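Analysis of the macromolecular model
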Amino acid sequence: DGGITQSPKYLFRKEGQNVTLSCEQNLNHDAMYWYRQDPGQGLRLIYYSQIVNDFQKGDIAEGYSVSREKKESFPLTVTSAQKNPTAFYLCASSIRGRDDNEQFFGPGTRLTVL
Amino acid sequence: GDSVTQMEGPVTLSEEACLTINCTYTATGYPSLFWYVQYPGEGLQLLLKATKADDKGSNKGFEATYRKETTSFHLEKGSVQVSDSAVYFCALSGSGYSTLTFGKGTMLLVSP
């Protein structure tokens, strides 16, 4: 079955540590996205990538970094510079150039920084 | 810039009641409009979409009509079930844009 996988589902880290969240898709989609979800805030875009080896900052990129070395993978690193990293992180993908930009979402990773 | 405003929740209904969740948007050009649903602890799933004015999206008994004159895309269902309890997000994709703009979400709670 085609889809998006995110691992792990729950992640705990100590304050000051960097942590990398995994996102893999086998939908053959060109574009991938990372969102952060906080209660009552909706979804906020962190980074997105339309093709391999290229990515753009979203609305809240500070304290985060990404790479896009393979079409299938778009890992997100939450660095120690992120002031309040505890949140639910969602990865998504879409077909590049599609007029409606329908996005497909993974199951999410809940990060808790202790 | 683009923005989406949806009614605040939670919306609390009894089973078989009618549902309306309001969504209005601000965007230039001709955006595509979406409703996504999120069940507890899960990612978002596309519920329905509409890509041009007067289009009606429908799925699982839910409907929404793209109203350009009122810049709205209200979600409706005639008879809700307990299993519809979830958070519903309205979103838009602007003309030529590669990203989605989301509303803050509306929680729906349906009791037996």
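Before reading on, note that the structure itself is shown above.
To keep things clear, this report deals only with the structure shown in the data block. As the structure is a prediction and not an experimental result, all values here were calculated from the model.

What counts, and at which threshold
- Residues numbered from 1 in each chain as written.
- Chains lettered and ligands numbered in written order.
- Predicted model: local features only at pLDDT ≥ 70, side-chain atom pairs only at ≥ 80, totals over all residues.
- Heavy atoms only, no water.
- Buried < 20%, exposed > 50% of the residue type's maximum accessible area, 1.4 Å probe, protein only.
- Helix = DSSP H or I, 4+ residues; strand = E, 2+ residues; numbered from the N terminus.
- Pairing = 2+ DSSP bridges.
- Axes fitted to C-alpha atoms, helices over the stretch in contact; angles between N-to-C directions.
- Contact = heavy atoms within 4.5 Å.
- Buried area = accessible area lost by both parts, 1.4 Å probe.
- Salt bridge = Lys/Arg side-chain N within 4 Å of Asp/Glu carboxyl O.
- Polar contact = N/O pair within 3.5 Å; in protein donor to acceptor, adjacent residues only side chain to side chain.
- Nonpolar A, V, L, I, M, F, W, Y, C, P; charged D, E, K, R; others polar.
- Disulfide = S-S within 2.5 Å.

1. Some thoughts on the pairing of strand β10 (residues 86-93) of chain B
All names here are of chain B. Most of β10 sits inside the fold, with eight of its eight residues counted as buried. Residues Ala86, Tyr88, Cys90 and Leu92 of β10 are buried on one face, and the alternating residues Val87, Phe89, Ala91 and Ser93, pointing to the opposite face, are buried as well. Here three bridges tie β10 to strand β12 (residues 106-111), and the two strands are oriented antiparallel to one another. Note on β12: the bridge partner recorded for Val87 is Met107.

2. Points about the sheet that holds strand β3 (residues 19-25) of chain A
All names here are of chain A. With antiparallel pairing, the four strands of this open sheet are ordered in space as β1-β3-β8-β7. The open sheet has two free edges, formed respectively by β1 (4-7) and β7 (64-66), since each of these has just one partner strand. Between one strand axis and the next, the sheet turns by 20° as a mean value, whatever way the strands run. With three bridges joining them, β7 and strand β8 (residues 76-78) adopt antiparallel strand pairing. Looking at the pairing, Ser65 lines up with Thr77 of β8.

3. Focus: the interface of chain A and chain B
Tallying the contact residues gives 22 residues for chain A and 20 residues for chain B. Approximately 1,600 Å² of surface area, both sides summed, lies buried where chain A meets chain B, with 52% of it carried by carbon and sulfur atoms. Along the contact surface separating chain A from chain B lie one salt bridge. For Lys49 of chain B, the salt bridge identified is with Glu102 of chain A, shortest N-O distance 2.7 Å. There are five residue pairs in polar contact (both at pLDDT 80 or more) connecting chain A and chain B. Elements supplying a minimum of two residues to the side of chain A that touches chain B: β4 (31-38), β5 (42-51) and β9 (87-94) of chain A. Per-element tally for the side of chain A that touches chain B: the top contributor is β5 of chain A, with five residues. Split by residue class, the side of chain A that touches chain B holds nine nonpolar, eight polar and five charged.

4. A short note on the state of the cysteines
Counting across every chain of the model gives two disulfides over all chains. Shown here is the disulfide that connects Cys23 of chain A with Cys91 of chain A, its sulfur atoms set 1.9 Å apart. For the disulfide bridge between Cys23 of chain A and Cys91 of chain A, the dihedral angle about the S-S bond is near -75°, and by the sign convention the bridge is left-handed. On the criterion of sequence distance, the pair formed by Cys23 of chain A in strand β3 and Cys91 of chain A in strand β9 is long-range, its members being 68 residues apart. Each sulfur in the disulfide pair Cys23 of chain B and Cys90 of chain B lies 1.9 Å from the other. The S-S bond linking Cys23 of chain B to Cys90 of chain B shows a torsion near -70°; that makes this disulfide left-handed.

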